[in-house]
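If you want the building blocks of each chain, they are given just below.
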Amino acid sequence: MKLPSHDAAARTPEDGGHRVHLPRFRAGPLRQVASRLLLALLVLVLTVVIVYVDRTGYHDNSDENVDFLDAVYYSTVTLSTTGYGDIVPYSDSARLSNILLVTPLRVLFLIILVGTTLEVLAERTREQYRLNRWRSALRDHTVVVGFGTKGRSAVQTLCATGLAKNRVVVVDPNHKVIEAANADGFAGVVGDATRSDVLLRAEAQRARQFVIATQRDDTAVLVTLTARQLNRGANIVAAVREEENAPLLRQSGADAVITSASAAGRLLGMSVQSPTAGAVIEDLIQQGSGLDLVERTVVKAEVGKSVRDTDDLVVSVLRGHRLLAYDDPDASPLQAADRLITIVRAPLVQE
């Protein structure tokens, strides 16, 4: 299979920044700055109104008259504490309004400006602190490469089986995709997952498992090679479109390879021949509804029993690295170290 260096789905963003994006649960910085600018503008407008209403109590050294432009000019230099002194209040009412109204507005204006600057600095410090704490606590997590239809469905299935959202890191080259992942509560890294520095930002070296759901098979191979190089012990599950590329992915280090195109085709063919059988298979695929296909350990009471004597419907028995069918003579009796792949009824969700 030909392996181009990059594809449209794994191209690094133009700005070249492979940043980690943690979920945010408050207003964005642009909205905060805009609201502060609006408040500062309202303070300026209020000051202009105060000065213009009492304009007869002010003296302009240039032409002695204070018009609307002079009121705007005076308000601007006063709120910014520049104070050139060319326009001054000389009447008692003008001086009193400066003391009681303009001076508090000047203080409020400065608080807005300084507060915005401090907020930006505090936001950067807080974000860096959150990032450092997130990295230090991240262990045995799941890295999902590609957050399209396949990746999103895989994450939904994992979360339905009990995986916490803070144990998932999404890697995708598209900023908007990572923003969507953040909105769902997942941390994300913007960048090309075929590059080791991008996966290192997702703490790939400490991950327990990888879900590789890229749009192209050649990209999946390169990501698998990179992930296996960084983490020898992780479980890597990858999806490919063409079945002929599955052996190459296994050689690259994938523990399991799902052929999406052929699997969908087989399900379509089964549904044509037997719609009921197709509906059952689709039910098994959809986690959390109807019937679920789960893997569990053998409980103490089941040790030594036959596969048919268990409470659940056992499909296969995993013994070491061997996968035994339910009717395999070697599957029974069950051993303590066995793992069972069973079909169970999905638990009802309480409303």
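Starting from 1, residues in each chain are numbered consecutively following that chain's sequence as written. Totals for whole chains, interfaces and linings use every residue, but because this is a predicted model, local features are given only for residues with pLDDT of at least 70 and side-chain atom pairs only at 80 or more, for both listing and counting. Computation of side-chain values covers all heavy atoms of the structure but excludes hydrogens and water.

For the protein chain, the name recorded in an unreviewed UniProt entry is Potassium channel family protein, with Streptomyces yatensis as its organism. UniProt positions are given in the numbering used here, feature names are shortened, and annotations may be inferred rather than shown by experiment. Recorded under Subcellular location (unreviewed entry), the UniProt text for the protein chain is reproduced unchanged: "Cell membrane".

### Quick look at the packing of aromatic side chains
By convention, a stacked pair of Phe, Tyr or Trp rings (six-membered ring in the case of Trp) has centres within 6.5 Å and planes under 30 degrees apart, an edge-to-face pair has planes over 60 apart, and any other such pair is tilted. Inspection of every chain in the model, using the stated rule, returns 3 aromatic pairs. Ring geometry for Tyr58 and Tyr74: centres 5.2 Å apart, planes at 65°, overall edge-to-face. Here the residue Tyr58 occupies a position in strand S2 (residues 58-60), and Tyr74 occupies one in helix H2 (residues 68-79), the gap between them amounting to 16 residues. Each member of the pair Tyr58 and Tyr74 is classed as buried. It is Lys165 that lies over the ring of Phe186; its NZ or CZ is 5.6 Å from the centre. Only runs of H or I of at least four residues qualify as helices and only runs of E of at least two qualify as strands under DSSP, and these elements are numbered from the N terminus. Only protein chains enter the calculation, and the probe is 1.4 Å; a residue is then buried if its accessible area is under 20% of its type maximum, exposed if over 50%, and partly exposed in between. Note on criteria: charge over ring means Lys NZ or Arg CZ within 6 Å of the ring centre, with the direction from the centre no more than 35 degrees off the ring normal.

### Considering the pattern of salt bridges
Whenever Lys or Arg places a side-chain nitrogen within 4 Å of a carboxyl oxygen from Asp or Glu, that contact is recorded as a salt bridge. The final tally for this structure, using the stated rule, is 12 salt bridges. In this structure, the salt-bridge partner of Asp312 is Arg296, at a minimum N-O distance of 3.0 Å. Of the two residues, Asp312 sits in the loop between strand S10 (291-297) and strand S11 (313-319) while Arg296 sits in strand S10, which places them 16 residues apart along the sequence. Salt bridges sharing partners connect three or more residues here, namely Arg135, Glu203 and Arg206.

### Overview of the pairing of S11
In this analysis, strands are considered paired if DSSP registers two or more bridges between them. Relative to strand S13 (residues 339-345), S11 runs antiparallel, the two being bridged by 5 bridges. Bridging across to S13, Val317 finds its partner in Leu340. Sheet topology note: the S11/strand S12 (residues 322-325) ladder contains 4 bridges and is antiparallel. Its bridge partner lying in S12, Val317 is registered against Leu324. The antiparallel pairing of S11 with S12 creates a hairpin that spans 2 residues between the two strands, and Gly320 there sits at a positive phi of about 70°.

### Quick notes on the environment of Val51
When you line up the elements, Val51 lands in helix H1 (residues 29-53). Here the alpha-carbon distance between Val51 and Phe68, two residues 17 residues apart in the chain, equals 8.9 Å. Whether two residues touch is decided by their heavy atoms; if any such pair falls within 4.5 Å, the residues are in contact. Setting aside its immediate chain neighbours within four residues, Val51 contacts Tyr58, Ala71, Tyr74 and Ser75.

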